[in-house]
Amino acid sequence: MNSTALSRRAWLQHTACGFGALALHDLVQAAQSPLALRAPRLPAKAKRVIFLFMSGGPSQPDLFDPKSYIKRMHGQTISAPINTNELRVGTDKFLALATHGEVKPRGQSGMMISDLLPHTASVADEICLLRAMHSDNNQHQPAALQFHTGMTADVRPSLGSWVSYGLGTENQSLPSFITIHPDSDTRLYGSGFLPAAHQGTKVTVPQDAKQAPIDYLADISGDAKSQRARIDFTQRMNRRLLDQAPGDARMEGMIESMEIAFRMQTATPELMDISSESEATKKLYGVGSKECDKNARACLLARRLSEAGVRFVQVTMGGWDHHGDIRNALPKSCAGTDQPCAALIKDLKSRGLLEDTLVIWSGEFGRTPWSQDLSGTSPIEKHGREHQPESFCTWMAGGGIKPGLTHGETDDFGFRPISGKVHLHDLHATVLHQLGLDHEKLTWRHLGRDYRLTDVHGNIVKEILS
């Protein structure tokens, strides 16, 4: 038999008395869809994740972590809790900025939540508040990148991509990872060195029937049979090229993306259409509301996608970067997000989905207890707050997380954690654990070593697990 005429797989199968068949088995396994459903390695409390990303950095002193010392010192100079040589805006005066509005105990748990978040307050006994989160960078893009990928620089797979790689999708007609209204930085939902099929599919929630939720998805021919024939022809050409260059990740990703795109052309339009939802459900989320319609539609769609089998859904809600006039800006940001986020919790619970759906709410960092004056001359009432990665608040719900629990505490300034400190690597490790994945063993070989989401860090936050 002329081995030069054989494909690589056929050559392996006929080499070394069948030893090649062992290699063939691994090749066949690798050739399976990267989105194929995979069983978790550990007992799992959650099947899916919805990540509500508050881009810009919500002010935890105003929303969840008020400090009586800062309130008493409002407008007065406080001692510097950081190295004054560090480049931080607002460090020239260190004027204490009191909490805007009342932050008081809610529900039977007594969780501290602001009057600016009345809907979130109504689900206080369903959520777990992490009040001593911290990360490593005080600039938006590096901090956001770390929250999504575990790293402040470099191009690494995002959290959603790692989950997709570890578990696949429950619905072969949909991607395993969808990002709604994402940031312009594609690294926040990219797959990095993982197969391209695991990157987030960008979705824009349609405001009317003319708007396409996913770019370039529509079949402009309108003829499914002809479309299938064209795709089959193209795929035959792609697979021929792949046989000539086995292991080409870009070509493998293209083949898989084309197949799922065809299936999505049928499944997606109906799924994206929220008109079939009851008026009561739309009202619950705030659909049609002047303040929160966009985010209401996004959160409602997140529930529909999760219910349909999408493994990881990310919803980005911007507008939280309040460097100035926070007393006017913060209420608007809260009004635009509070009702949709709380409605998601209520809706998931009413449908029996909250138990195995892990919901995460967070920004990339928090805000300082001292004020920031952009003009240098404005009164304290017009000041904002600087970035604070040293401590901020994140809340979680469902998926085996203890409800009604406040975990962690900060110092009298509300600046540094004094107990229950949780790093982003710890959060990532905990999320993967709840999905039945070991963050130390979920790896991908790249550039000669095994990479993972948590790098060489991360501990499961066992105190918050039910």
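Within every chain, residues take consecutive numbers counted from 1 along the sequence as written. Predicted model: local features are reported for residues with pLDDT of at least 70 only, side-chain atom pairs are reported and counted for 80 or more only, and whole-chain, interface and lining totals are derived from all residues. As a rule here, side-chain values cover all heavy atoms of the structure and leave hydrogens and water aside.

Peer 1: What am I meant to see in the pairing of strand β7 (residues 312-317) here?
Peer 2: As a general feature of sheets, a regular strand has side chains that alternate between the two faces. Three exposure classes are used, based on accessible area relative to the maximum for each residue type with a 1.4 Å probe and protein chains only: buried under 20%, partly exposed in between, and exposed over 50%. Strands here are runs of E lasting at least two residues and helices are runs of H or I lasting at least four, both read from the DSSP assignment and numbered beginning at the N terminus. The element β7 is largely enclosed, with a buried count of six among its six residues. The two faces of β7 match: F312, Q314 and T316 on one face and V313, V315 and M317 on the other face are all buried. Only strands that DSSP links by at least two bridges are regarded as paired with each other. Here six bridges tie strand β1 (residues 48-54) to β7, and the two strands are oriented parallel to one another. Residue pairing across strands places F53 opposite T316, the latter belonging to β7. Of the strand pairs in this sheet, strand β5 (residues 177-180) and β7 are connected by four bridges, and their pairing is parallel. Paired with I178 across the two strands is V313, which belongs to β7.

Peer 1: Help me understand helix α12 (residues 326-350), please; the structure alone is not making it clear to me.
Peer 2: For the α-helix, the turn length of 3.6 residues means that residues three or four positions removed from each other point alike. To estimate how far a helix should reach, multiply one less than its number of residues by 1.5 Å. Between its terminal C-alpha atoms α12 stretches 35 Å, which fits the 36 Å expected from 25 residues at 1.5 Å a residue. Along α12, the sharpest kink reaches roughly 30 degrees, centred on T337 and followed within four residues by the proline P340. At the exit of α12 stands G352, carrying a positive phi of roughly 75 degrees. To obtain the bend at a residue, axes are fitted to the seven residues ending there and to the seven starting there, and the angle between these axes is taken.

Peer 1: How do you make sense of the pattern of salt bridges when you look at a structure like this?
Peer 2: Counted as salt bridges are all cases of a side-chain nitrogen of Lys or Arg within 4 Å of a carboxyl oxygen of Asp or Glu. One pass over the full model with this rule turns up 25 salt bridges. Between D325 and K382 there is a salt bridge; the shortest N-O distance is 3.9 Å. Taken together, the residues span a long stretch of sequence, with D325 in the loop between β7 and α12 and K382 in the loop between β9 (366-372) and β10 (384-388) at a distance of 57 residues. In this structure, R445 and D450 form a salt bridge, with 3.0 Å as the shortest nitrogen-oxygen distance. Residue R445 is classed as exposed on the basis of its relative accessible area, which comes to 54%. Here the salt bridges do not stand alone but share partners, grouping E277, R303, R304, E307, D347 and R351 into one network.

Peer 1: In this structure, what is going on with the environment of C393? I would like to understand it.
Peer 2: Within the secondary structure layout, C393 lies in strand β11 (residues 392-397). Along the backbone, C393 and G408 are 15 residues apart, and their C-alpha atoms lie at a distance of 9.5 Å. Residues are treated as being in contact if the distance between any of their heavy atoms lies within 4.5 Å. Not counting residues up to four positions away in its chain, the partners in contact with C393 are Q60, F64, D65, L129, L130, R131, W361 and S362.

Peer 1: Explanation requested: the nonpolar core in the structure shown.
Peer 2: Across soluble globular proteins, nonpolar side chains show a tendency to be buried alongside one another. Working definition of a nonpolar core: buried Ala, Val, Leu, Ile, Met, Phe, Trp, Tyr and Cys residues. They are joined through side-chain atoms within 4.5 Å. Counting 54 residues, the largest nonpolar core has L52, F64, I180, L305, V359 and W395 as the members making the most contacts within it. Filtering out sequence-adjacent residues up to four positions away, L305 remains in contact with I178, I180, L271, M272, V310 and V313. Grouped together as the second largest cluster of nonpolar side chains are 41 residues, F147, L167, I360 and I464 included.

Peer 1: Before we go on, may I ask you to explain the side chain of E277 in this structure?
Peer 2: Among the structural elements, E277 can be located in the loop between α9 (249-272) and α10 (279-285). Accessibility expressed as a relative area gives 8% for E277, which makes it buried. In this structure the side chain of E277 is engaged in a polar contact, spanning 2.8 Å, whose partner is the side chain of R303. The definition of a polar contact used here is a pair of N or O atoms within 3.5 Å, where within protein one atom must be able to donate a hydrogen and the other to accept one, and adjacent residues in sequence count solely through side-chain atom pairs. A distance of 2.6 Å separates the side chain of E277 from the side chain of R304, its partner in a polar contact.

Peer 1: Would you mind showing me how to read unusual backbone geometry here?
Peer 2: Glycine aside, the phi torsion of most residues is negative, and most peptide linkages are trans. Unusually for a residue other than glycine, D325 sits at a positive phi of about 50 degrees. For D455, which is not a glycine, the phi torsion comes out positive at approximately 55 degrees. Exposure remark for D455: the relative accessible area of 18% places this residue in the buried category.

Peer 1: Sorry, what's going on with the pairing of strand β8 (residues 357-362) here?
Peer 2: Across the six residues of β8, six count as buried, placing the element largely inside the fold. Burial along β8 is two-sided: T357, V359 and W361 facing one way and L358, I360 and S362 facing the other are all buried. When β1 meets β8, the two strands line up parallel, connected through six bridges. Bridge pairing in β8 places I50 opposite V359. Here β8 pairs with β11 via three bridges, running antiparallel. Considered in β11, the bridge of I360 is made with M396.

On their own, these measurements won't tell you what the molecule is for.
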